[in-house]
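Given next are the chains, with one letter for each unit.
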Amino acid sequence: MSDLQAQFDQAQIDVKTLAERPNNMTLLRLYALYKQGAEGDAHGDKPGMTDFVGRYKFEAWEALKGTSQDDAKQKYVELVADLLAGRAS
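What this report covers is the structure whose coordinates are included nearby. (Residues numbered from 1 in each chain as written. Predicted model: local features only at pLDDT ≥ 70, side-chain atom pairs only at ≥ 80, totals over all residues. Heavy atoms only, no water.)

### Structural notes on the packing of aromatic side chains
Here's step 1: The full count for this structure, using the stated rule, is four aromatic pairs.
Here's step 2: Between Phe 8 and Tyr 76, the ring centres sit 5.2 Å apart and the planes meet at 65°, which makes this aromatic pair edge-to-face. Of the two residues, Phe 8 sits in helix α1 (residues 3–14) while Tyr 76 sits in helix α4 (residues 69–85), which places them 68 residues apart along the sequence. Side by side, Phe 8 and Tyr 76 carry an identical accessibility label, which is buried.
Here's step 3: Where Phe 58 meets Trp 61, the ring centres are 6.2 Å apart and the plane angle is 75°; that geometry is what we call edge-to-face. (Phe/Tyr/Trp six-rings, centres within 6.5 Å; stacked < 30°, edge-to-face > 60°. Helix = DSSP H or I, 4+ residues; strand = E, 2+ residues; numbered from the N terminus. Buried < 20%, exposed > 50% of the residue type's maximum accessible area, 1.4 Å probe, protein only.)

Shown next as C-alpha cells:
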C-alpha cells in the first residue's frame, strides 16, 4: 500500500472524529474528493431533478472530471487535516 493510500485511508477514519459537522459545501467537497480518489471520474446516471441531494453530490463529483485519483486523494487528506486543525469549516 502506498503512503498516499495509507493517508487517504486514515483521513476517512479521522473525518468521522470531527468535533463539529462541516457546512454543506465542505461536505460536498469531501464527498466529491473521496469519490474521485476512490473511483475516478463520475460514472452512472445523474440523479433526477427530484433527488436534490443525490444530484448535488453527483454534480460535485462530476466537476472533478479529469482530476487524477492521486490528486483527489491528496486534496482529501489535506482538507481533512485542515478541518481537524480548525482551519476550514
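### Considerations on a nonpolar patch on the surface
Here's step 1: Judged by side-chain polarity, Phe 52, Val 53 and Tyr 56 come together as a nonpolar surface patch covering roughly 370 Å² of accessible area.
Here's step 2: You can see Val 53 is positioned in helix α3 (residues 52–62). (Patch = residues over 30% accessible without salt bridge, like charges linked within 9 Å, V, L, I, M, F, W, Y side chains within 5 Å. Areas by Shrake-Rupley, 256 points an atom, 1.4 Å probe, with all protein chains shown as cover. Salt bridge = Lys/Arg side-chain N within 4 Å of Asp/Glu carboxyl O.)

Function-wise, these values are silent; they only describe arrangement.
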